[in-house]
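# Structural characterization, general
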Amino acid sequence: MSESSRTDSPSSDFQSPKKRTTQAISCLLTPLFLIAFPVALAAVLFRLDPFEPAHFPATVLGRRTVTAPARNSRMLQGSEIMADGEVAGPEDLAYDKEEHVIYTGCEDGWIKRVTVNESVADSVVENWVNTEGRPLGLALEKSGELIVADASLGLLRVTKEKKVEVLADEAGGLKFNLTDGVDVAEDGTIYFTDASYKYSLKDFYYDIVEGKPHGRFMSYNPATKKVTILARNLYFPNGVVVSPDQHFVVYCETILSRCRKYYIEGPKKGRIGEFCPDLPGMPDNIHYVGQGQYYIAMATSVTPEWDLALKYPFIRKVAAMVTKYIGRPHVEKNGGIVVVDLEGKLREHYYDPALSLISSGIKIENYIYCGSLTYPFLIRLDVEQHPALPST
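Rules used throughout
- Along each chain, residues carry numbers from 1 onward, in the same order as the chain's sequence is written.
- Since the coordinates come from a predicted model, pLDDT governs what is reported: local features require at least 70, and pairs of side-chain atoms require 80 or more to be given and counted, while whole-chain, interface and lining totals use all residues.
- Hydrogens are left out, water is left out, and the side-chain values use all remaining heavy atoms of the structure.
- One requirement defines pairing of two strands: DSSP has to find at least two bridges between them.
- Numbering of helices and strands runs from the N terminus, with a helix taken as a DSSP run of H or I at least four residues long and a strand as a DSSP run of E at least two residues long.
- Inter-axis angles, ranging from 0 to 180 degrees, are taken between N-to-C directions of lines fitted to C-alpha atoms, where helices are fitted over the stretch in contact.
- To sort residues, take the accessible area from a 1.4 Å probe on protein chains only and compare it with the maximum for the residue type: under 20% means buried, over 50% means exposed, and anything in between is partly exposed.
- Roughly parallel means an angle under 35 degrees; roughly antiparallel, over 145; roughly perpendicular, 65 to 115; everything else is oblique.
- Whether two residues touch is decided by their heavy atoms; if any such pair falls within 4.5 Å, the residues are in contact.
- Residues are sorted three ways: Asp, Glu, Lys and Arg are charged, Ala, Val, Leu, Ile, Met, Phe, Trp, Tyr, Cys and Pro are nonpolar, and all the rest, Gly among them, are polar.

### Notes on the sheet that holds strand E10 (residues 164-168)
Pairing is antiparallel across the open sheet formed by 4 strands, whose spatial order is E7-E8-E9-E10. The open sheet is flanked by strand E7 (135-140) and E10, the only strands paired with a single partner. Across the sheet, the axes of successive neighbouring strands diverge by a mean angle of 30°, strand direction being ignored. In this sheet, strand E8 (residues 146-150) lies alongside E7 in antiparallel orientation, the contact comprising 4 bridges. Following the sheet pairing, Ala139 is matched in E8 by Ile147.

### Here's the deal with unusual backbone geometry
Even without being a glycine, Lys225 presents a positive backbone phi close to 60°. When you line up the elements, Lys225 lands in the loop between strand E15 (215-221) and strand E16 (226-234). A positive phi angle, close to 55°, is found at Gln291, a residue other than glycine. Note that Gln291 resides in the loop between strand E21 (281-290) and strand E22 (293-301).

### So, the environment of Ala195
Secondary-structure assignment places Ala195 in the loop between strand E14 (190-194) and helix H3 (204-210). Given the relative accessible area of 0%, Ala195 is considered buried. Taking C-alpha positions, Ala195 is 9.2 Å from Thr254, a pair spaced 59 residues apart along the chain.

### Focus: the packing of helix H4 (residues 304-311) against helix H5 (residues 313-325)
Interhelical geometry of H4 versus H5 gives an angle of 110° and a closest axis separation of 5 Å. Between H4 and H5, the angle falls in the class roughly perpendicular. On H5, the residues touching Trp306, Leu308, Ala309, Leu310 and Lys311 of H4 are Pro313, Ile315 and Arg316. When the residues that make up the contact of H4 with H5 are grouped by side-chain class, the tally is 6 nonpolar, no polar and 2 charged.

### Things to note about the sheet that holds strand E17 (residues 237-242)
Spatially, the 4 strands line up as an open sheet ordered E17-E18-E19-E20, and their pairing is antiparallel. What marks the edges here is a single partner per strand, and that holds for E17 and strand E20 (272-276). For this sheet the average axis-to-axis angle between neighbouring strands, irrespective of direction, equals 30°.

Quick look at the structure:
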């Protein structure tokens, strides 16, 4: 065989400068395209998406956060799990002292009764009534009948015979879309909130990031069966509680991290005043637990990221689009319970970095009992063994 036939031609490994340049450009353009295309697509979607968050009022920006003088920042240490796997999203809690049971509403529509025992292992869970909606706020009337703020159905009464009655589902020509918190005054008047007339519970996050006031605080007169709108244009009004002296009703505005009070007696009747203007988190339900104390459930702490989102609507629009196309970002942390006095001043704070969406807190003897929008259990903490300690 000839030498020329055994040796590869040098021209077989040769690439022209033009070809090498083309390949280099191709290598550069491919990653650029992979980066630029989704960015361009996101920009187009951003411009075309009809969701348009609003600016919050200047009065709510630049807020200060007040810290409690006593804190337990590791609330889960020492806590007990109660009714594990038997309650799905036990959002609010109402305690019947005579029956020694806690009523709680779950995401599957069931209102369940959980017995209160010395040991959580002895607690029994009863499927009591299914509203076929989503029961949230609960309050017992003097008669022992249960008033329910059902996110889907409106304001309900459940009789001792387990009959579900719809008391109201609209006001001022607007249907309730997210009936949320409720309490009953000594004269029988029912006070409650519709967190949003625009968004339902499954879309509550859009109401939060849109920054527009779709909420209302109302009363229901059982004698006349009339609903009266007491305050409107509220930012996700949530929990409700009547003061022990029956002079005012406190309602929580989750988005603005505050609680306000509506006077129902005295010279300020019909006016709105501040109660807890600078909470360290987003409030959910509120309960008066005796001994001059209110328990306010904190769904999450207020973070620097949320403060930034409050100021800039485009950040909230991005968050809404991520929720729409990918899924809601779960950034909640430090859920727990804030204890305030009769004047609304912070006294104690129980929380934990691992807790989120804590929605209710009540006190029975030495224990805090907590409900949640998402957990499949209740949390119990002995505050004598695990108290909030003075901050150093």
